[in-house]
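# Per-entry structural report
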Amino acid sequence: MSKGTKSGKCKLCLETKELNFEHIPPRSAFNKDTKYYVIDQTEYYQKAKEYTFGNIKPKSRKEQGGMGEFSFCFDCNGFLGSNYVRTYKKFAQIAMSIIQSNDKNIKAFQFDISDINLLKFLKQITAIFIASNHHTFTESYPELLEFVRNKNTSELSERFRFYMYLNNEGKNRNGQIHFTNLYGTVCEFTFRPFGFVLSIDNPKRIMELSEITNFKHYDKANKLDKLPIVLNKYPTYYPFPLDYRTEIELNSST
Ligand SMILES: [Zn+2]
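Just so it is clear, the structure is predicted and the values come from calculations on it, not from any experiment.

### Regarding the sheet that holds strand S10 (residues 194-200)
Pairing is antiparallel across the open sheet formed by five strands, whose spatial order is S8-S9-S10-S7-S11. The open sheet terminates on both sides in strands that have one partner only, identified here as strand S8 (173-180) and strand S11 (210-211). One ladder, built from seven bridges, connects strand S9 (residues 184-191) with S10; its direction is antiparallel. By the bridge assignment, phenylalanine 189 is partnered in S10 with phenylalanine 196. The strands touched by helix H4 (residues 118-132) are strand S7 (160-166), S8, S9 and S10; relative to S8, the strand with the most contacts, the crossing angle is about 75°.

Following this line, the structure appears as structure tokens:
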């Protein structure tokens, strides 16, 4: 189903143009027929338990045809499509099949990612965070724009650290920036089979998650034969960043 176009400022080239409905994550990565509700964020935060465990139903109308926003113009959309999206899709398919073909109680998986172009993957994740946030986000962190727009650069300041995990239980998280007491400035985006965290200006490693900042140093010419990664699988029932409590833990807390 097409959602048409809208005029506005593209979040990648910053020009005012016709904007495409951008699927976040890419349509090809299990986001073609996603049905969802748009809920006011403040309300959702205040009533997280009621929304999560079904005591309240969203009042808004059910949306369908995949999650996303009018973020990028046709040219930028095409640029992401031809450079990064296929890599994201490939990794998502591998991860999804690993999760689905194993016992649902397994909490961590190790697998080989030597045939994934990790630089492209990281750029696609960065594009997702740019698309999920307001223009003020890249006005504050213009380096992120450059990292996505220049497909060859592997340069990105150490202040930006990326983490990931696996997910197939709970709710999506929308990628928007949060200022937390415990972890500082973080954006978290969750859409099965993945969750990603972008941590800004926090020199401390987030221990619960697998850090993937080094994906920026991926060198296609010196590809490794084997590249193992261990990813934890976490549920995301509540909308709060880095809250991975299970359904049982949440229901037993007051
Ligand atoms: Zn553009």
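### Section: the nonpolar core
Among soluble globular proteins, nonpolar side chains are generally buried collectively. One finds Leu122, Ile130, Met164 and Phe196 to be the most contacted residues of the largest nonpolar core, which totals 50 residues. Sorting the residues of this core by element identifies strand S5 (68-73), helix H3 (74-100), H4, helix H6 (142-149), S7, S9 and S10 as the ones contributing at least two each. Among the elements that take part in this core, H4 stands out by supplying 10 residues, more than any other. Ignoring anything within four residues of it in the chain, the contact list for leucine 122 reads Phe162, Ile212, Phe215 and Lys216.

### Some remarks on the packing of H3 against H4
Two numbers describe how H3 lies on H4: the axes approach to 8 Å, and their chain directions differ by 105°. Taken as axis vectors, H3 and H4 run roughly perpendicular relative to one another. Contacts between H3 and H4 involve Leu80, Asn83, Tyr84, Val85, Thr87, Tyr88 and Phe91 from the former and Lys120, Phe121, Lys123, Gln124 and Ala127 from the latter.

### Focus: H3
When the local axis directions of H3 are compared, the greatest deviation, roughly 55°, occurs at tyrosine 84. All of the buried residues along H3 are Cys76, Leu80, Tyr84, Val85, Tyr88, Phe91, Ala92 and Ala95. Elements that come into contact with the buried residues of H3 comprise S5, H4, S7 and S10.

### Considerations on H4
Here H4 spans 21 Å end to end across 15 residues, near enough to the 21 Å set by a 1.5 Å rise per residue. Most of H4 is tucked away, with 15 of its 15 residues classed as buried.

### Quick look at the packing of H4 against H6
Their axes nearest at 9 Å, the elements H4 and H6 cross at an angle of 135°. If you check the angle between H4 and H6, you find them oblique. As for how H4 packs across H6, the hand of that crossing is left-handed. Where H4 approaches H6, its residues Lys123, Thr126, Ala127 and Ile130 are matched on the opposing element by Leu144, Leu145, Phe147 and Val148. Among the residues forming the contact of H4 with H6, the class breakdown is six nonpolar, one polar and one charged.

### What about the sheet that holds strand S2 (residues 16-23)?
Strand pairing in a sheet takes place through backbone hydrogen bonds and is either antiparallel or parallel in direction. The sheet built from three strands is open, its strands ordered S1-S2-S5 with antiparallel pairing. Only two strands of the sheet have a single neighbouring strand rather than two, namely strand S1 (5-9) and S5. Neighbour-to-neighbour, the strand axes of the sheet open up by a mean angle of 50°, direction not taken into account. Judged from the four bridges that link them, S2 and S5 form a sheet pairing that is antiparallel. Each residue of the ladder has a partner; that of leucine 19, found in S5, is cysteine 73. Of the strands in this sheet, S2 and S5 touch H3, which is tilted by about 100° from S5.

### A look at the pairing of S1
Here five bridges tie S1 to S2, and the two strands are oriented antiparallel to one another. Its bridge partner lying in S2, lysine 9 is registered against threonine 16. In sequence, S1 turns back onto S2 through a hairpin of six residues, with leucine 14 there showing a positive phi of about 65°.

### Concerning unusual backbone geometry
Cis geometry is found at the peptide bond from arginine 192 to proline 193, where omega equals 10°. Assignment of secondary structure puts proline 193 in the loop between S9 and S10. One non-glycine residue with positive phi stands out, namely leucine 14, at about 65°. Relative to the elements of secondary structure, leucine 14 occurs in the loop between S1 and S2. Overall, the presence of 15 C-beta atoms within 10 Å leaves leucine 14 in the partly exposed class.

### Focus on the environment of glutamine 100
As for its placement among the helices and strands, glutamine 100 is situated in helix H3. Here the alpha-carbon distance between glutamine 100 and proline 193, two residues 93 residues apart in the chain, equals 9.6 Å.

Basis of the calculations
Residues numbered from 1 in each chain as written. Predicted model: local features only at pLDDT ≥ 70, side-chain atom pairs only at ≥ 80, totals over all residues. Pairing = 2+ DSSP bridges. Helix = DSSP H or I, 4+ residues; strand = E, 2+ residues; numbered from the N terminus. Contact = placed C-beta atoms within 7 Å. Axes fitted to C-alpha atoms, helices over the stretch in contact; angles between N-to-C directions. Core = buried A, V, L, I, M, F, W, Y, C linked by C-beta atoms within 7 Å. Buried ≥ 20, exposed ≤ 12 C-beta atoms within 10 Å, placed from the backbone. Parallel < 35°, antiparallel > 145°, perpendicular 65-115°, else oblique. Bend = angle between axes of the 7 residues up to and from the residue. Expected span 1.5 Å × (residues − 1). Left-handed = near helix turned anticlockwise from the far one by under 90°. Nonpolar A, V, L, I, M, F, W, Y, C, P; charged D, E, K, R; others polar.

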